[in-house]
Amino acid sequence: MTGTVTRTTPSDLLRIADLTAEQLNALLDLANEMKDGPTWWTAARHGTAVACLFDKPSTRTRVSFEVAAHRLGMLPIMLRPDELQLGRGEPLGDTARVLSSYTAAIVVRTFAQATLEELAAAASVPVINALTDDHHPCQALADLLTLRRHYGYLDGLRLAYIGDGNNVAHSLMEAAALSGMHMTVASPRGYEPDHDVTRRTMELAGRHGGSIHVLHDPRAAVMGANAIYTDVWVSMGEDAQREGRLNDLHAYQVNDELMRAAAPHAVFMHCLPAHRGLEVSADVIDGPASIVWEQAANRLPTEQATLRTLTNGDHPAGE
């Protein structure tokens, strides 16, 4: 190999599939270093601010981004639409341009992916997806860091996702595909992941030595899995569908019986918040196989790494 350093810095983080495998690995490497030495790092643009535009409630995302920015020497500014001129009809593009003139990055937690993309197109600073209805890339980064630290590797790991094929499933599929993992999603009919996401991730996984499968039988999905993952059955904005969703998904609970069908010493994962007795039994999430608290903790170093990488614009992959 030559000594040429390849620039691997993405301009935004709107979805995991916007990254290359090298960019994803570089983010995870940096996050792993930050996990072990969080105060050793500052941003090149020390003393600048990060605008955090949140349309949805948040616990882990809000607190982890605030602390991540603080550790880098950046000021996090939490914003709600009703506090901005957006609430009085200012175009999203105008807001993006103004925020770009004051801050080093914009973190957005909103509903439609199209809203995020419109803002990113107008912004002149990096934009980070802190959750949309279609994707949750920051969660997937924390999940991969958790698995890598637990097992020591990602390539070849088997991950089973059980339940609603939602935004978390989409980002996990993209992350697993780039990492050479083998991921199986088991969802009821009508709850499968988006068809285009499935098709693209199957192709992506094939190029990186992994695989993506979507089926309907949860027991078949967990056979041989190293990790079993689930998410809530009723997400924000779906309360009107609650009764129907609980009925459709009741057979997809991750419980001790399902965990026993996985590989020996398989771990349990959940992005939180969790509802014990619905998508997961209490004995699983609070039991020895659960690594959900490590997942939650790893939101901080992965977001710190993402902020520093995007605002520095110079993180190398190496030789």
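Cut-offs used in this document
- Residues numbered from 1 in each chain as written.
- Predicted model: local features only at pLDDT ≥ 70, side-chain atom pairs only at ≥ 80, totals over all residues.
- Heavy atoms only, no water.
- Helix = DSSP H or I, 4+ residues; strand = E, 2+ residues; numbered from the N terminus.
- Rg over C-alpha atoms; globule rule 2.2 N^0.38 Å.
- Contact = heavy atoms within 4.5 Å.
- Areas by Shrake-Rupley, 256 points an atom, 1.4 Å probe, with all protein chains shown as cover.
- Lys, Arg positive; Asp, Glu negative; His and termini not counted.
- Charge placed at Lys NZ, Arg CZ, Asp CG, Glu CD.
- Salt bridge = Lys/Arg side-chain N within 4 Å of Asp/Glu carboxyl O.
- Buried < 20%, exposed > 50% of the residue type's maximum accessible area, 1.4 Å probe, protein only.
- Pairing = 2+ DSSP bridges.
- Axes fitted to C-alpha atoms, helices over the stretch in contact; angles between N-to-C directions.

## Describing the overall build of the chain
Now for step 1: Scanning the chain from terminus to terminus reveals 13 helices and 9 strands.
Now for step 2: Taking 2.2 N^0.38 as the reference for a compact globule, 319 residues should give roughly 20 Å; the C-alpha atoms of the chain span a radius of gyration of 19 Å, in line with that estimate.
Now for step 3: With the principal axes as the frame, the chain shows a C-alpha extent of 55 × 55 × 35 Å.
Now for step 4: Sequence separation of at least 24 residues holds for 76% of the intrachain contacts in the chain that already meet a minimum separation of 6.
Now for step 5: Of the roughly 13,600 Å² of accessible surface on the chain, a fraction of 50% belongs to carbon and sulfur atoms.
Now for step 6: Positive and negative charge centroids in the chain, built from 26 and 39 side chains respectively, lie 3 Å apart.

## Some words on the pattern of salt bridges
For side chains bearing opposite charge, pairing can occur when the charged atoms are close.
Now for step 1: Within this structure, the stated rule accounts for 14 salt bridges.
Now for step 2: The closest approach of N and O atoms between Arg97 and Asp94, which form a salt bridge, is 3.3 Å. Here Asp94 and Arg97 lie together in helix H3 (residues 92-102), a separation of 3 residues that amounts to about one turn.
Now for step 3: For Asp94, a relative accessible area of 34% gives the class partly exposed.
Now for step 4: Between Arg199 and Asp196 there is a salt bridge; the shortest N-O distance is 3.8 Å. Highlighted residues: Arg199 and Asp196, both in helix H7 (residues 195-207), separated by 3 residues, approximately one helical turn.
Now for step 5: Looking at Arg199, the relative accessible area reads 37%, which means it is partly exposed.
Now for step 6: Overall, Asp196 belongs to the partly exposed group, its relative accessible area being 36%.
Now for step 7: The structure contains a network of salt bridges with shared partners spanning Arg80, Asp82 and Glu83.

## A look at the sheet that holds strand E8 (residues 227-230)
Now for step 1: Read across the sheet, 5 strands follow the order E7-E6-E5-E8-E9 without closing on themselves; strand pairing throughout is parallel. What marks the edges here is a single partner per strand, and that holds for strand E7 (211-215) and strand E9 (267-270). Each adjacent strand pair in this sheet contributes to an overall mean axis angle of 20°, direction not counted.
Now for step 2: One ladder, built from 4 bridges, connects E8 with E9; its direction is parallel. Paired with Ala227 across the strands is Val267, a residue of E9.
Now for step 3: Docked against the sheet, helix H5 (residues 137-151) engages E8 and E9, running at close to 165° with respect to E9.

Without other data, these values stay purely geometric and don't point to any function.
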